[in-house]
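Each chain is listed here by its residues.
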Amino acid sequence: MPCCLPPMTDSVPTIPDHPDFGTAIALAQQLLALEPTDAVIEAIARLVASRDGARGFFVTYLTSDEPWADQPAPALIAALRSQPTYVEDLMVRNLAMSTAMGLTHERNADPAMAAQSQRVSRRSAEHLRQLQSPSLRQQIQDLQQSLTAEGPFSDFLDRWGYDAEQRAAIASAIAPLLD
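Residues numbered from 1 in each chain as written. Predicted model: local features only at pLDDT ≥ 70, side-chain atom pairs only at ≥ 80, totals over all residues. Heavy atoms only, no water.

Draft legend 1. Spatial organisation of the pattern of salt bridges. Inspection of every chain in the model, using the stated rule, returns nine salt bridges. Across the pair Asp89 and Arg51 runs a salt bridge whose closest N-O atoms are separated by 3.2 Å. Taken together, the residues Asp89 in helix α5 (residues 84-107) and Arg51 in helix α3 (residues 51-61) connect sequence positions 38 residues apart. Accessibility expressed as a relative area gives 33% for Arg51, which makes it partly exposed. (Salt bridge = Lys/Arg side-chain N within 4 Å of Asp/Glu carboxyl O. Helix = DSSP H or I, 4+ residues; strand = E, 2+ residues; numbered from the N terminus. Buried < 20%, exposed > 50% of the residue type's maximum accessible area, 1.4 Å probe, protein only.)

This is the structure in structure tokens:
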């Protein structure tokens, strides 16, 4: 956990340009504890403008008990859409990882963790559905290609060691996004 967080302005934390991953998690926790005002949404947009900021936000947001993640407000979707460089890539990866991990937890007879992964998978799919853009669609198509042949996500899939059943589950999770 970071030793020092940036100062807060009117209860909304100030977002540094390039927060480290731990700081981004702490900032995301602070932001998600607030009402989703315009200032909070703007702070989220600033947080997801860097890779570690986006990683910290999504790891906190997609696993949180806050209702925001189940029914994202249009303003939040617009804020996420305003930062496609990191948001799109991470959301595609989050869908793949959570889908594959849900299956892993089922295999390990861990229903609580399986349910958590399935919730992240559902949330990720819903956000991807709402974030729609040509570049995001291309990334989803790239993931689809990489599941069965060499493609842009092959290194990612191989690094995590996803087997045929996990890859099939990922394919099923992304299929509705390509309709």
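More follows now that the structure is in view.
Draft legend 2. View of the domain arrangement of the protein chain. Examined at the domain level, the protein chain breaks down into domain 1 (15-76) and domain 2 (83-178). Its C-alpha centre places domain 1 at a distance of 21 Å from the equivalent point of domain 2. Looking at the side of domain 1 facing domain 2, the largest losses of area belong to Arg51, Phe58 and Leu62, adding up to 43% of the total buried there. At the boundary of domain 1 with domain 2, the tally comes to three salt bridges. Ionic pairing is found between Arg123 and Asp70, a salt bridge with its closest N-O pair at 2.9 Å. Across the domain 1-domain 2 interface, the total number found is eight residue pairs in polar contact (both at pLDDT 80 or more). Examining the composition of the side of domain 1 that touches domain 2, we find that five residues originate from one element, α3, more than from any other. Looking at the side of domain 1 that touches domain 2, its residues break down into nine nonpolar, three polar and five charged. (Domains from an automatic or database assignment. Buried area = accessible area lost by both parts, 1.4 Å probe. Polar contact = N/O pair within 3.5 Å; in protein donor to acceptor, adjacent residues only side chain to side chain. Nonpolar A, V, L, I, M, F, W, Y, C, P; charged D, E, K, R; others polar.)

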